[in-house]
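The chain contents come next:
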Number of protein chains: 4
Amino acid sequence: MAGSSIGNIFKVTTWGESHGKALGVVIDGVPAGVPLCEDDIQVLLNRRKPGQSKYTTPRNEGDICEILSGVFEGKTTGTPISIVVFNKNQKSSDYSEIASYYRPGHADFTFDQKYGFRDYRGGGRSSGRETIGRVAAGAVAEKVLKELGISFLAYTKSIGPVSINTFDRDEIFENKLFMPDKEACVKASEYLDTLLSEGDSSGGIVECIIEGVPAGLGDPVFEKLDANLAKAVFSIGAVKGFEIGDGFEAAIHRGTENNDSFINENGEIKKATNHSGGILGGISDGSPIVFRAAIKPTPSVSASQNTVNKAGDEISVSIKGRHDPVIVPRAVVVVEAMAAITVLDAYLMNKSSKIENL
Amino acid sequence: MAGSSIGNIFKVTTWGESHGKALGVVIDGVPAGVPLCEDDIQVLLNRRKPGQSKYTTPRNEGDICEILSGVFEGKTTGTPISIVVFNKNQKSSDYSEIASYYRPGHADFTFDQKYGFRDYRGGGRSSGRETIGRVAAGAVAEKVLKELGISFLAYTKSIGPVSINTFDRDEIFENKLFMPDKEACVKASEYLDTLLSEGDSSGGIVECIIEGVPAGLGDPVFEKLDANLAKAVFSIGAVKGFEIGDGFEAAIHRGTENNDSFINENGEIKKATNHSGGILGGISDGSPIVFRAAIKPTPSVSASQNTVNKAGDEISVSIKGRHDPVIVPRAVVVVEAMAAITVLDAYLMNKSSKIENL
Amino acid sequence: MAGSSIGNIFKVTTWGESHGKALGVVIDGVPAGVPLCEDDIQVLLNRRKPGQSKYTTPRNEGDICEILSGVFEGKTTGTPISIVVFNKNQKSSDYSEIASYYRPGHADFTFDQKYGFRDYRGGGRSSGRETIGRVAAGAVAEKVLKELGISFLAYTKSIGPVSINTFDRDEIFENKLFMPDKEACVKASEYLDTLLSEGDSSGGIVECIIEGVPAGLGDPVFEKLDANLAKAVFSIGAVKGFEIGDGFEAAIHRGTENNDSFINENGEIKKATNHSGGILGGISDGSPIVFRAAIKPTPSVSASQNTVNKAGDEISVSIKGRHDPVIVPRAVVVVEAMAAITVLDAYLMNKSSKIENL
Amino acid sequence: MAGSSIGNIFKVTTWGESHGKALGVVIDGVPAGVPLCEDDIQVLLNRRKPGQSKYTTPRNEGDICEILSGVFEGKTTGTPISIVVFNKNQKSSDYSEIASYYRPGHADFTFDQKYGFRDYRGGGRSSGRETIGRVAAGAVAEKVLKELGISFLAYTKSIGPVSINTFDRDEIFENKLFMPDKEACVKASEYLDTLLSEGDSSGGIVECIIEGVPAGLGDPVFEKLDANLAKAVFSIGAVKGFEIGDGFEAAIHRGTENNDSFINENGEIKKATNHSGGILGGISDGSPIVFRAAIKPTPSVSASQNTVNKAGDEISVSIKGRHDPVIVPRAVVVVEAMAAITVLDAYLMNKSSKIENL
């Protein structure tokens, strides 16, 4: 319980259910004096908004955010920023059948086991709509970090068996799948069309690059920067794997392949390669931070599946309604948001690492 | 900073440097009344102890633990348990050269960037010896969880390119590599011999199975059980990847492949398969929890490497001394310990999930 | 920073400024299955609402609360409860002068020192209106604790030099000063009339009795139940002192006077007296918990005062507008709320104190 | 549970029982580069050591501290500092009788209720010896804060009915009661002699002044600096009251008396008086912080008292052994330590209050 908050100094608390009155977030520990307005947040929220392509739910919620506190005369005041998005178009009647059984791959069963009952409308608290608060908080974190020279870039690396082969940064925001490779995007779209026609869905991989992180963020033991990134990203509903730098490839590499040599680049110590993914011993090493998250296929599929109902009868079901055949593109901005939340907290925690800084 | 603690109710704080006077751990939040003695802890500590085979550092530290508080008349009292291991055989002189440059793949550089200087003896705080405290805490957690019917089994799944093909539970503790496949163990040993002769090292993968976990542990949003396992395991020095259930494979699977059907097994709701790895929506689903961690190759290799010294000169170095060509077998018990620490905390946090339990 | 949350399992986060769009609270860690509706909260909010007598600000805000999440079909779901109160009647123009100088006894100066600027409208975040979120959370905590047999009673013990001499429980909610002594209430009213006519204000003392607390809540060292009550109550704006049981009187007592004898009352171990105030060694002892908080006089007075403006000029000011000559009666419900928040968290934390309970 | 830690960035965890093998503390989050040695800590430990006068327990423990980690080449490294004091002269047999009944005023009963059993030797975890860890941590905090220009002075303000009338700073460390008034010290000593002869004990008041605190420390809502001081001081075993500035006197004062005027002192904004005790709205205002703690009389008295034994029989007991007739003088350094721990954490937390500082 009390699991809806993350962060030490920069502390984010989300609240809200898919079909409740509203969803939102309280963001505490934002340094005072940072310019902030609703547009800064809406830009990122729009990236996660459904209904942007035929591969994402057409429910048109709008998801317009309002800042209710913590900003005065266009700047953060240092007090908690409360952001709310009111739900529109709730049609609870759509979900009456779902209340009666446990959808495979969803949290219906585990919620009932934990709490004794659940808000079954649209997944309730376990809905992807909970990420609205994360993205809003991520937008605030990115705004602060931008002033400190730190920037984030997340994108789709693969959808099902289709991976990117080239990296065209400009392409990312040109296609609805957020892939930096136009050709791969076309192939992935064709793959998704096939799945749609079969009532099935696909997983994929999101990659994120963080640039401008100074060496020194993160702590040696349990609060390693990579450990906190792992937790933050793994706390996103559909994530099943996380790796940094060479990740699982490092397990089959030799030490001489995996180690990054230090070099002197115009008087600054840098690494010749970046197998580490920008973190050594849990502390940022000054290279870009690079990590990947594996996203499972959308569990809601219209193809027939076996499950049990609340009475315990084994039944066959087909999840009705229009569902994303893939959530990877919508997860991209959520992964980026969680990364920003984590890095800002580590940045603020690091201000007191040595007496010279105090 | 203040990064040496983990857990909410069951809170673990490690301390100590590789070549300081001692290393240890304070374990707070242990329920009262659990039988506990030093042998319970020593058994696990012995599994991580170096010098057990030709692939692990022959430095014979002993690593004998002492319980200094929190146990009375053979039972835990509910107050913090302080466990200490005094360091023996410290030969600081061995490390004088290392003080002068930054070892590739180690945290020397990032510590200097963060703190301005570092205890360079044997890696100081970033040494693998820090895990002594983790393993001691894991032993305590496993003792408590055993009374609640929850057990842990971790083992080596692969070393470099050599993976297990069979699973023989009894074999795990029969071989020094903790592999459940005798044949794979032989091949892995040969591979390590080659690396040793070349002054190189290997990574690998550790897998862990947790059995007996009731449905309901973990929380829906940031405190998901898998997110906390990810953090706990990623906080171990050499981990570069973490995945649960089908993990990265899920990214290429279809929804109909990845979903686990619910079934009625003699009146109890179970899953027909376990692609989820025992966790749905961040909450344990009653199936065994299965996860893997990718471990990078030991960064200390005797082969020649390029780096810079503290003066900024680019130099070529060969790390002296005898170093493990692989740390995977020693990491096995550490992974298990971090899993136990995480599951116990989730178990205790879950006591207040519903009013009927209060 | 990040100072807007309190509690470990039962975690409360308030947000909002006096003259922002809204104020509110997110309450996480509420056990599932507790009946809850807006009326449960409004009852307590009405007790802190201004404009109830001539001694409290007549600004008629309404302060109508809305539950936005965490309740489904009339019961708590175990997920965060978000409660909001929208601000009405904001007349920011009233506060333009106040922006220019530092009001004595207020937080204007310290906010500017900490954050570089402040939302000066009505005290911004340091306004008493922030307690709306606390009272809403306290109402939820009391609802849960009522199911566990624990109840709270707070009242005005003294206003300025006028203290209660009798204790009539029924009288408390009959008079606007929440005093359990009708005669003292009359005297206190006369005293306040005098202060009003002189443009001055008064402090006072709030007392709180908590009944039905089982022995065992609270922890031995830093998380003592009385230490957490002290923090919770001291976090209310105007509190300058806190004491439990005999409190400061204990400092002049002898050990034989101050110790409470244990007795056997029909097979149950009780205390013959309650000098301890219901807590021994930081842990509840089964007797009623009794504590007091000293509230300072309202700093906003219309009498002339010396201060400096933002330019540093020494000036003389008279705080305009109608201000409460005493905030003690409005603080009563806030003290009660903070007590409830603290006791519920201690109750939930105590579920894992011994292995028999797990 | 898990109640043995305090602080956010500067985090202190104590462990150990009165008659266990050792007691100690782990201090995490100490900025790197601060000169520190065992003598820095021993000086403060000696001030709390028993056996210094006829009014304090003559048990000669020595209480010699050892630093086991976190310091290298005479400076803090930024990693956790583990400090241990080994117990000497444990004569557990002395405590066999005490195991059988509940001492009035002690935590024997509440520990049994909470944990099911207790380490009865010398009070176990609830012993005053637990404060060894606090004082060691306070010494480290004071060392860091001294570099930042912040200093602490605590002393005995009253013992039973005998209060100080003058304030002679030099006198404090000249007399065994740590009173800044020689004459009051003589009277208090006579009073204690009388109590000793009657087998009784006395309470008293400790006052603490913190100088050099810049304006801006502490946070507006729950993490108010005074709220955290209240908690920290109230977490010391025998404390029954806490007040800041005018404290309980403020409750009978008028607003015009209690408000402190701001003045311009050579271009710096100061307060003409300090009724606030150095904190406004939870944030330090630049004036000295002044607070007081009420300490209850030592519960162990040799005079006869009524209680019950574990079988539930009502019995009459006389606590044997030599006990301090007053613990106030020994509490002085503990109060100072808790203040230092609190202020350092607030100082470090405040580094990120505004974007200009980042």
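Rules and cut-offs
Residues numbered from 1 in each chain as written. Chains lettered and ligands numbered in written order. Predicted model: local features only at pLDDT ≥ 70, side-chain atom pairs only at ≥ 80, totals over all residues. Heavy atoms only, no water. Helix = DSSP H or I, 4+ residues; strand = E, 2+ residues; numbered from the N terminus. Rg over C-alpha atoms; globule rule 2.2 N^0.38 Å. Buried < 20%, exposed > 50% of the residue type's maximum accessible area, 1.4 Å probe, protein only. Contact = heavy atoms within 4.5 Å. Areas by Shrake-Rupley, 256 points an atom, 1.4 Å probe, with all protein chains shown as cover. Lys, Arg positive; Asp, Glu negative; His and termini not counted. Charge placed at Lys NZ, Arg CZ, Asp CG, Glu CD. Least-squares fit on C-alpha atoms with pLDDT ≥ 70 in both. Buried area = accessible area lost by both parts, 1.4 Å probe. Salt bridge = Lys/Arg side-chain N within 4 Å of Asp/Glu carboxyl O. Polar contact = N/O pair within 3.5 Å; in protein donor to acceptor, adjacent residues only side chain to side chain. Pairing = 2+ DSSP bridges. Axes fitted to C-alpha atoms, helices over the stretch in contact; angles between N-to-C directions. Parallel < 35°, antiparallel > 145°, perpendicular 65-115°, else oblique. Left-handed = near helix turned anticlockwise from the far one by under 90°. Nonpolar A, V, L, I, M, F, W, Y, C, P; charged D, E, K, R; others polar. Phe/Tyr/Trp six-rings, centres within 6.5 Å; stacked < 30°, edge-to-face > 60°. Core = buried A, V, L, I, M, F, W, Y, C linked by side-chain atoms within 4.5 Å. Disulfide = S-S within 2.5 Å.

**Focus on the overall build of chain A**
Link 1 in the chain: Along its length, chain A carries seven helices and 18 strands.
Link 2 in the chain: Computed over its C-alpha atoms, the radius of gyration of chain A comes to 21 Å, within 12% of the 21 Å expected for a compact globule of 358 residues.
Link 3 in the chain: Reported as C-alpha extents along the three principal axes, the dimensions of chain A are approximately 65 × 50 × 40 Å.
Link 4 in the chain: A burial count over chain A gives 69% of its 358 residues as buried.
Link 5 in the chain: The contacts in chain A between residues at least 6 apart in sequence include a share of 67% that link residues at least 24 apart.
Link 6 in the chain: Carbon and sulfur atoms provide 47% of the accessible area of chain A, an area that totals close to 10900 Å².
Link 7 in the chain: The distance from the centre of the 38 positive side-chain charges to the centre of the 46 negative ones in chain A is 4 Å.

**Some points on the relation of the copies chain B and chain C**
Link 1 in the chain: Mapping chain B onto chain C is achieved by rotating through 180° and translating by 0.0 Å along the same axis, at an RMSD of 0.0 Å. Accordingly, the operation relating the two chain copies is best matched by a two-fold axis. Closest to the rotation axis within chain B is the C-alpha of Lys351(B), separated from it by 3.2 Å.
Link 2 in the chain: In this assembly, 100% of the residues forming the interface of chain B have copies in chain C that are likewise at the interface, indicating an isologous arrangement.

**Overview of the interface of chain A and chain B**
Frequently, the measure chosen for interface size is the accessible area that the parts lose on association.
Link 1 in the chain: Listed per partner, the contact involves 105 residues of chain A and 105 residues of chain B.
Link 2 in the chain: Regarding the contact of chain A and chain B, the summed buried area is about 8500 Å², with carbon and sulfur atoms giving 60% of it.
Link 3 in the chain: In terms of surface lost to chain B, no three residues of chain A exceed Phe222(A), Lys240(A) and Phe262(A), which account for 10% of the buried area on that side.
Link 4 in the chain: Here chain A and chain B share eight salt bridges between them.
Link 5 in the chain: Taking the shortest distance from any N to any O, the salt bridge between Asp219(B) and Lys114(A) comes out at 3.6 Å.
Link 6 in the chain: Summed over the shared surface of chain A and chain B, the number is 51 residue pairs in polar contact (both at pLDDT 80 or more).
Link 7 in the chain: Here three bridges tie strand β11 (residues 239-244) of chain A to strand β11 (residues 239-244) of chain B, and the two strands are oriented antiparallel to one another. Bridge pairing in β11(B) links Gly241(A) to Glu243(B).

**What about the environment of Val239(B)?**
Link 1 in the chain: In this fold, Val239(B) is placed in strand β11.
Link 2 in the chain: Here the alpha-carbon distance between Val239(B) and Ala293(B), two residues 54 residues apart in the chain, equals 6.4 Å.
Link 3 in the chain: Those residues in contact with Val239(B) that lie beyond four places of it in its chain are Asp226(A), Val233(B), Phe234(B), Ala293(B), Ala294(B) and Ile295(B).

**A word on the relation of the copies chain A and chain B**
Link 1 in the chain: For these two chains of identical sequence, chain A goes onto chain B by a turn of 180° and a shift of 0.0 Å along the axis, with RMSD 0.0 Å.
Link 2 in the chain: A shared interface surface links the copies, since 100% of the contact residues of chain A are contact residues in chain B too.

**A few points about the packing of helix α1 (residues 38-48) of chain C against helix α3 (residues 131-147) of chain C**
Residue and element names in this part refer to chain C.
Link 1 in the chain: Where α1 meets α3, the closest approach of the two axes is 9 Å, and the angle between their N-to-C directions is 135°. If you check the angle between α1 and α3, you find them oblique. In terms of crossing hand, the pair formed by α1 and α3 is right-handed. Contacts between α1 and α3 pair Asp40, Ile41, Leu44, Leu45 and Arg48 from the former with Thr131, Ile132, Val135, Ala136, Ala139, Val140, Glu142 and Lys143 from the latter.
Link 2 in the chain: Across the contact of α1 with α3, the residue classes tally to eight nonpolar, one polar and four charged.

**Side note on the packing of aromatic side chains**
Link 1 in the chain: This structure, assessed with the given rule, holds 38 aromatic pairs over all chains.
Link 2 in the chain: Measuring from centroid to centroid gives 5.0 Å for Tyr155(A) and Phe167(A), while their planes differ by 65°, and the two rings are edge-to-face. Of this pair, Tyr155(A) sits in strand β8 (residues 151-159) while Phe167(A) sits in the loop between β9 (162-163) and α4 (182-197), placing them twelve residues apart in sequence.
Link 3 in the chain: What makes Tyr155(A) buried here is its relative accessible area of 2%.
Link 4 in the chain: Consider the rings of Phe234(C) and Phe242(D), whose centres lie 5.3 Å apart with planes at 75°: the pair is edge-to-face. Taken as a pair, Phe234(C) in helix α5 (residues 225-234) and Phe242(D) in strand β11 (residues 239-244) lie in two separate chains rather than in one. A single burial state applies to Phe234(C) and to Phe242(D), both of which are buried.
Link 5 in the chain: Chaining the aromatic ring pairs together yields one cluster made of Tyr102(A), Phe109(A) and Phe262(B).

**Some thoughts on helix α2 (residues 108-115) of chain D**
Link 1 in the chain: Counting buried positions over the eight residues of α2(D) gives seven, a clear majority of the element.
Link 2 in the chain: Every buried residue belonging to α2(D) is among Asp108(D), Phe109(D), Thr110(D), Phe111(D), Asp112(D), Lys114(D) and Tyr115(D), and all of these are buried.
Link 3 in the chain: The inward-facing, buried residues of α2(D) abut β12 (262-265), β13 (268-271), β14 (279-280) and β15 (283-284) of chain C.
Link 4 in the chain: Downstream of α2(D) by a residue or two, Gly116(D) has a phi angle that is positive, lying close to 90°.

**Brief notes about the sheet that holds strand β16 (residues 289-295) of chain A**
Link 1 in the chain: Pairing is antiparallel in the open sheet, where ten strands are placed in the order β9(A)-β8(A)-β10(A)-β16(A)-β11(A)-β11(B)-β16(B)-β10(B)-β8(B)-β9(B). Since the sheet does not close on itself, it has two edges, and those belong to β9 of chain A together with β9 (162-163) of chain B, each with one partner.
Link 2 in the chain: Packed onto the sheet, helix α7 (residues 328-349) of chain A meets β8, β10 (204-211) and β16 of chain A and runs at close to 145° relative to β8(A).
Link 3 in the chain: Sheet strands in contact with helix α5 (residues 225-234) of chain B are β11 of chain A together with β11 and β16 (289-295) of chain B, and its direction is about 160° off that of β11(B).

**Looking at the side chain of Arg330(D)**
Residue and element names in this part refer to chain D.
Link 1 in the chain: Following the sequence through the fold, Arg330 ends up in helix α7 (residues 328-349).
Link 2 in the chain: Using a relative accessible area of 15% as the deciding quantity, one classes Arg330 as buried.
Link 3 in the chain: Side chain to side chain, Arg330 and Asp324 meet in a polar contact 3.2 Å long.

**Focus on the sheet that holds strand β7 (residues 81-86) of chain A**
All names here are of chain A.
Link 1 in the chain: Overall, antiparallel pairing links the five strands, which are arranged β1-β2-β3-β7-β4 in an open sheet. Each edge of the open sheet is held by one strand with a lone partner, namely β1 (5-6) and β4 (65-67).
Link 2 in the chain: Here β4 runs beside β7; their pairing, made up of three bridges, is antiparallel. Of the residues in β7, the one forming a bridge with Ile67 is Ile83.
Link 3 in the chain: Across the face of the sheet, helix α1 (residues 38-48) comes into contact with β4 and β7 while running at roughly 150° to β4.
Link 4 in the chain: Each of β2 (11-16), β3 (22-28) and β7 is contacted by helix α3 (residues 131-147), which is oriented at about 35° to β3, the strand it contacts most.

**Description of the nonpolar core**
Link 1 in the chain: Judged by nonpolar contacts, the single largest core of 368 residues is most densely connected at Phe291(A), Phe291(B), Phe291(C) and Phe291(D).
Link 2 in the chain: When near neighbours in sequence (up to four residues on either side) are disregarded, Phe291(D) contacts Val206(D), Glu207(D), Cys208(D), Ile210(D), Leu229(D), Val233(D), Phe242(D), Glu243(D), Ile244(D), Val335(D) and Ala339(D).

**Topic: the packing of helix α3 (residues 131-147) of chain D against α7(D)**
A pair of packed helices is characterised by two quantities: the angle between their axes and the separation of those axes.
All names here are of chain D.
Link 1 in the chain: Contact geometry for α3 and α7: axes closest at 8 Å, N-to-C directions at 50°. It follows that α3 is oblique to α7 by the angle criterion. Of the two possible hands of crossing, α3 and α7 adopt the one that is left-handed. Residue-level inspection shows Thr131, Arg134, Val135, Ala137, Gly138, Ala141, Glu142, Val144 and Leu145 of α3 in contact with α7, the latter providing Val333, Val334, Glu336, Ala337, Met338, Ala340, Ile341, Val343 and Leu344.
Link 2 in the chain: Grouping the constituent residues of the contact of α3 with α7 by class yields 13 nonpolar, two polar and three charged.

**Re the interface of chain B and chain C**
Link 1 in the chain: Each partner contributes residues to the interface: chain B has 19 residues there, and chain C has 19 residues.
Link 2 in the chain: When the area that chain B buries against chain C is broken down by residue, the three leading residues are Lys351(B), Ile355(B) and Leu358(B), summing to 37%.
Link 3 in the chain: At the junction of chain B and chain C, the tally comes to five residue pairs in polar contact (both at pLDDT 80 or more).
Link 4 in the chain: Elements with a contribution of two residues or more to the side of chain B that touches chain C: α3 (131-147) and α7 (328-349) of chain B.
Link 5 in the chain: The dominant element in the side of chain B that touches chain C, judged by the number of residues it contributes, is α7(B), at three residues.
Link 6 in the chain: Class assignment for the residues of the side of chain B that touches chain C results in eleven nonpolar, four polar and four charged.

**Re the pattern of salt bridges**
Link 1 in the chain: Under the defined criterion, the tally for this structure stands at 89 salt bridges over all chains.
Link 2 in the chain: Measuring nitrogen to oxygen at the nearest pair gives 3.2 Å for the salt bridge that ties Arg118(B) to Asp112(B). Residue Arg118(B) shares its accessibility class with Asp112(B), and that shared class is buried.
Link 3 in the chain: In this structure, a network of salt bridges that share partners links the residues Arg103(A), Asp108(A), Asp112(A), Arg118(A) and Lys310(A).

**Concerning the state of the cysteines**
Residues and elements named next belong to chain D.
Link 1 in the chain: With the rule as written, the count across this model stands at zero disulfides over all chains.
Link 2 in the chain: Summary of cysteine pairing: Cys37 is not part of a disulfide, and the nearest cysteine sulfur, belonging to Cys65, is at 8.9 Å.
Link 3 in the chain: Owing to a relative accessible area of 37%, Cys37 belongs among the partly exposed residues under this scheme.
Link 4 in the chain: With no disulfide of its own, Cys208 lies closest to Cys185 among cysteine sulfurs, the gap being 19 Å.

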